[in-house]
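Next come the chains, spelled out residue by residue.
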Amino acid sequence: MDRSIDVDNLHDKSYAQPSFEGPMDMNKNDKKVTKTLVTNGCGDYEGKIADKRTTGGWKASPFIIVNEVAERLAFFAVAVSMVAYLVFEMHQSLPDAATHVNDWIGAAYVLTLLGAFLADAYFGRFLTIIIFSCIYFVGMILLTLSASIDSLRPPLCTARPCIPATKGQTAFLYGALYLIALGTGGIKPCVSTFGADQFDESDKKESQKKYAFFNWFFFAINMGALLGITLLVFVQQEKGWTWGFAVPTAAMFASIVILVAGFTKYRYQKPMGSAFTRFVQVIVVSIRNHFRGVVLAHESELYEIKTKESDIFGARQLPHTKQYRFLDKAAVVTDPEIITKNKWRLCTVTQVEEFKSFIRILPIWASTIALSISFAQLSTFFLTQANIMDRKIAPNFTIPAGSVPVFTALNGLILVPVYEKFIVPYLRSKTGHQRGITSLQRIGVGLFVSVFGLMSAALVERMRRENSNPTSLSIFWLFPQFFLVGTAEVFSYVGQLEFFYDEATDGTRSISSALFLSEIGIGSWLSSAIVKIVESATGGVEEGWLRNNLNKSKLDYFYWILTGINAVNFLVYLVIAWRYKGRNGERGTVRDESIVFELADSNDTGEFRGMAS
């Protein structure tokens, strides 16, 4: 359908032109103002098109990064303590506690699909973050109450078997945890994309800074994790569970305040409607036309509106690609005399290409889920190992078991700046790619390293189990597995942030980010499923590989299973990544920024339609 563009449309640049009779020439001041306006459709807090001089970039990003530090501090403080809380306070068995924590973390990340849907369709990213942060905050308050009110927990265990928690006590705790999970689900898919929205892709300098933002965003995650698993775990150990949960509750409140403080400096992308509805429309129309015998003979038969913008509110038009040609039937004009506005009857090229872009990333998404199974061990069995090892590093100081993931967090804090400042320039000089290596290559490095991380875990656990005094083994023997899994996370997480953002279209950025995050949740669920399968297949909690007593377990066998899964997954990923075709149809690479810059520099109107390369 044709849609006229008025002065209220954030994508229309005509409002910058003076209104008078005669030649439509812009004076020098108007031209200068136009060049400082963003071209990605973002507005400022007043609803006007955003000005680069006063909004976005590194003027806005610090608020988002500090907000992420505070929110992650709260999440990790809970995540690394929850297995111990369920075992010692709620009297659950170790395998059950590990399974419940994996399920909870899984729900938190799978719910990102809901958060992304609401952000794209109704609320926008900023408002979605604020709403779900408040839900998160309520969950943290309830969790603190669970730890501080005696009637919400079973009595102290004085003799085995311990008195289990009642259904009411368990329901209250799980209610708190799943409010936190819901809050996380609403926040996570929006924060990184909201941060990326602060940088205009068609501006050479801002585009480069956007990729630096992704690295520093991951740095913020690790900083929050570091504080959560050291400072707050220490508070919990010294002051008890009430303080251990009350402090991260305060941190969560602080994260909301910090984000709101940058309100006037942000660039806001308006909601563009439900991407899922548009996807279904493409499927329905293409299938209907196929059974009606519609055949696409030439691209000229495809329907697109005759404006610079698409008919998806706030989104730019996308060029036609030859991949997945079956879906093109949804945009075939069967009767030139009748152009319907009903999307369930006729879709535009942009709508079809939006769905194609989403389909393209699914194989990459599926082939990186196994990596999340490795990450799930960081907050479960890795910590269980640490809990029964020698954690003394000085006569009067013992590392809390929940703080052992500091090895991973420090790795991220050190490796991200080193990678950004030294490794990227070196690789750029060798490969000619602006980021040194492509996002797909960076993900591949992470998958490869994860295999060695789990292999190290298996070897160390076997050595620990066969030691005459297993509890005398130093905690530093776990350093290699934490370091390697942390290195895998540095490469894969940032690579996935880049890949899923770049390959998304204007209308699917939050959904694409949520898809990436959901694999972390699915990985946690798969980890739980594997634990249950191994437990039941090897003799249960009392006789199997995974028992309440880790010294009598065979956890190293479990790690070898995960090593094999990750090794096979890496080989599968290599094939999929090599065959991957970006939006321009080229194989095995994704978005070279030099092409982005050339397109931006050569585009006189300031409009940019990025294509993968």
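Note that the structure is a prediction, hence the values are computed from the model and not measured.

Asks: Run through the packing of aromatic side chains, naming residues and quoting values.
Replies: Under the defined criterion, the tally for this structure stands at 38 aromatic pairs. Taking 6.4 Å as the distance between ring centres and 85° as the angle between the ring planes, the aromatic pair formed by Phe 63 and Tyr 266 counts as edge-to-face. In this pair, Phe 63 sits in helix H2 (residues 57-88) while Tyr 266 sits in the loop between helix H9 (241-261) and helix H10 (275-291), placing the two residues 203 residues apart along the sequence. In this structure Phe 63 comes out as partly exposed when scored by relative accessible area, which is 23%.

Asks: Which residues make up the pattern of salt bridges, and what values do they have?
Replies: Once the charged atoms of two side chains with opposite charge are near each other, the side chains can pair. Scanning all chains against the criterion turns up 17 salt bridges. In this structure, Lys 532 and Asp 96 form a salt bridge, with 3.1 Å as the shortest nitrogen-oxygen distance. With a gap of 436 residues between them, Lys 532 in helix H17 (residues 509-537) and Asp 96 in helix H3 (residues 94-110) connect regions that are remote in the sequence. Among the residues examined, Lys 532 registers a relative accessible area of 34% and is labelled partly exposed. For Asp 96, a relative accessible area of 28% corresponds to the partly exposed category. Between Asp 197 and Arg 125 there is a salt bridge, with its nearest N and O atoms 2.2 Å apart. Of this pair, Asp 197 sits in the loop between helix H6 (167-196) and helix H7 (204-229) while Arg 125 sits in helix H5 (residues 125-148), placing them 72 residues apart in sequence. Arg 125 shares its class with Asp 197; the two are buried. Overlapping salt bridges, with partners in common, bring together Asp 328, Glu 353, Lys 356 and Arg 360 in one network.

Asks: Kindly report on a nonpolar patch on the surface, identifying the contributing residues and their values.
Replies: On the surface, Tyr 122, Phe 123, Leu 127 and Ile 131 cluster together to form a nonpolar patch covering roughly 370 Å² of accessible area. Those elements giving two or more residues to the nonpolar patch turn out to be helix H4 (112-123) and H5. Within the element layout of this structure, Phe 123 appears in helix H4.

Asks: Any chance you could break down the nonpolar core for me, citing the residues and the numbers?
Replies: Ranked by internal contacts, the top residues of the largest apolar core, which has 146 residues, are Met 82, Trp 104, Leu 143 and Phe 558. Beyond its immediate chain neighbours, meaning those up to four positions away, Met 82 contacts Val 101, Leu 143, Leu 177 and Phe 245. With five residues, the next largest nonpolar core counts Leu 37, Val 38, Cys 42 and Ala 50 among its residues.

Asks: With reference to specific residues and values, describe the environment of Val 87.
Replies: Examined against the element boundaries, Val 87 turns out to sit in helix H2. For Val 87, a relative accessible area of 22% corresponds to the partly exposed category. Sequence separation between Val 87 and Ala 98 is 11 residues, and the spatial gap between their C-alpha atoms is 9.3 Å. Once residues within four sequence positions are removed from consideration, Val 87 is found in contact with Gln 92, Ser 93, Leu 94 and Ala 97.

Asks: Account for unusual backbone geometry, naming residues and giving values.
Replies: Peptide bonds are trans in most cases, and residues, glycine excluded, mostly fall at negative phi. Non-glycine residue His 91 carries a positive phi angle of around 60°. Among the structural elements, His 91 can be located in the loop between H2 and H3. Judged by relative accessible area, His 91 falls into the buried class, the value being 15%. With a phi angle near 55°, Tyr 324 is a residue other than glycine that sits in the positive phi range. Following the sequence through the fold, Tyr 324 ends up in the loop between H10 and helix H11 (349-366).

Asks: Account for the packing of helix H16 (residues 479-502) against H17, with residues named and values stated.
Replies: Their axes nearest at 9 Å, the elements H16 and H17 cross at an angle of 150°. The pairing of H16 with H17 is recorded here as roughly antiparallel in orientation. The element H16 and its partner H17 pack so that their crossing is right-handed. Contacts between H16 and H17 pair Tyr 493, Gln 496, Leu 497, Phe 500 and Tyr 501 from the former with Arg 509, Ser 512, Leu 515, Phe 516, Leu 517, Glu 519 and Ile 520 from the latter. A class-by-class count of the residues in the contact of H16 with H17 yields eight nonpolar, two polar and two charged.

Asks: Break down a positive patch on the surface for me, with residues and values.
Replies: Residues Lys 59, Lys 205, Lys 209 and Lys 265 make up a contiguous surface patch of positive charge. Inspection of the secondary structure assignment puts Lys 209 in helix H7. A relative accessible area of 38% means that Lys 209 is categorised as partly exposed.

Asks: Tell me what's going on with the confidence of the model for the protein chain, and back it up with residues and numbers.
Replies: For the protein chain, the mean per-residue pLDDT works out to 80, and 87% of the residues sit at or above 70. The spread of mean pLDDT over the elements of the protein chain runs between helix H20 (residues 593-602), the lowest at 38, and H5, the highest at 93. Note on residues 1-26: pLDDT is under 50 here. Beyond four places in sequence and across chains, it has 49 contacts.

Asks: Can you break down the side chain of Thr 368 residue by residue, with the values?
Replies: One can find Thr 368 in the loop between H11 and helix H12 (369-376). On the basis of relative accessible area, Thr 368 is assigned to the buried category, the value being 1%. Within polar-contact distance, the side chain of Thr 368 engages the side chain of Gln 496 at 3.4 Å. Excluding residues that lie within four positions of it along the chain, Thr 368 makes contacts with Ile 443, Leu 447, Gln 496, Glu 519, Asn 569 and Tyr 573.

Asks: Which residues make up the packing of H4 against H17, and what values do they have?
Replies: Axis separation between H4 and H17 bottoms out at 8 Å; the angle between their running directions is 175°. Classed by the angle they form, the pair H4 and H17 counts as roughly antiparallel. Side by side, H4 and H17 meet where Thr 112, Leu 113, Ala 116, Phe 117, Ala 119 and Asp 120 of the first sit next to Ser 510, Ile 511, Ala 514, Leu 515, Leu 517 and Ser 518 of the second.

How each quantity is defined
One numbering rule holds for all chains: residues counted from 1, following each sequence as written. Restriction of local features to residues with pLDDT of at least 70 applies here, the model being predicted, together with a cutoff of 80 or more for giving and counting side-chain atom pairs; totals for whole chains, interfaces and linings are based on all residues. Calculated side-chain values reflect all of the structure's heavy atoms, with hydrogen atoms and water omitted. Any Phe, Tyr or Trp ring, taking Trp's six-membered ring, that has another such ring centre within 6.5 Å forms a pair; planes under 30 degrees apart are called stacked, those over 60 apart edge-to-face, and the others tilted. A run of H or I in DSSP becomes a helix once it reaches four residues, and a run of E becomes a strand once it reaches two; helices and strands are each numbered from the N terminus. Three exposure classes are used, based on accessible area relative to the maximum for each residue type with a 1.4 Å probe and protein chains only: buried under 20%, partly exposed in between, and exposed over 50%. Should a side-chain nitrogen of Lys or Arg be within 4 Å of a carboxyl oxygen of Asp or Glu, the pair is scored as a salt bridge. In this analysis, a patch consists of residues with relative accessible area above 30% that form no salt bridge, clustered at 9 Å for like charges and at 5 Å for the nonpolar side chains Val, Leu, Ile, Met, Phe, Trp and Tyr. Note on areas: these come from Shrake-Rupley sampling with a 1.4 Å probe, and a residue is covered only by the protein chains present in the view. As used here, the term nonpolar core means buried Ala, Val, Leu, Ile, Met, Phe, Trp, Tyr and Cys residues forming a set that is joined through side-chain atoms within 4.5 Å. Note on contacts: a residue pair is in contact if any heavy atoms of the two residues lie within 4.5 Å. Where helices are involved, their axes are fitted lines through C-alpha atoms of the stretch in contact, as for all axes, and angles between N-to-C directions lie from 0 to 180°. For classification purposes, angles smaller than 35 degrees are called roughly parallel, those larger than 145 roughly antiparallel, those between 65 and 115 roughly perpendicular, and all remaining angles oblique. Left-handed describes a crossing in which the near helix is turned anticlockwise from the far one by less than a right angle; the clockwise case is right-handed. Residue type decides the class: Asp, Glu, Lys and Arg count as charged, Ala, Val, Leu, Ile, Met, Phe, Trp, Tyr, Cys and Pro as nonpolar, and the leftover types, Gly among them, as polar. Working convention for charge: Lys and Arg count positive, Asp and Glu count negative, and His plus the chain ends are omitted. Each charge is placed at NZ for Lys, CZ for Arg, CG for Asp and CD for Glu. pLDDT gives the predictor's per-residue confidence on a scale running from 0 to 100. In protein, a polar contact means a hydrogen-donor-capable atom and an acceptor-capable atom, both N or O and within 3.5 Å, with residues adjacent in sequence counting only if both atoms are side-chain atoms; elsewhere, any N or O pair within 3.5 Å suffices.

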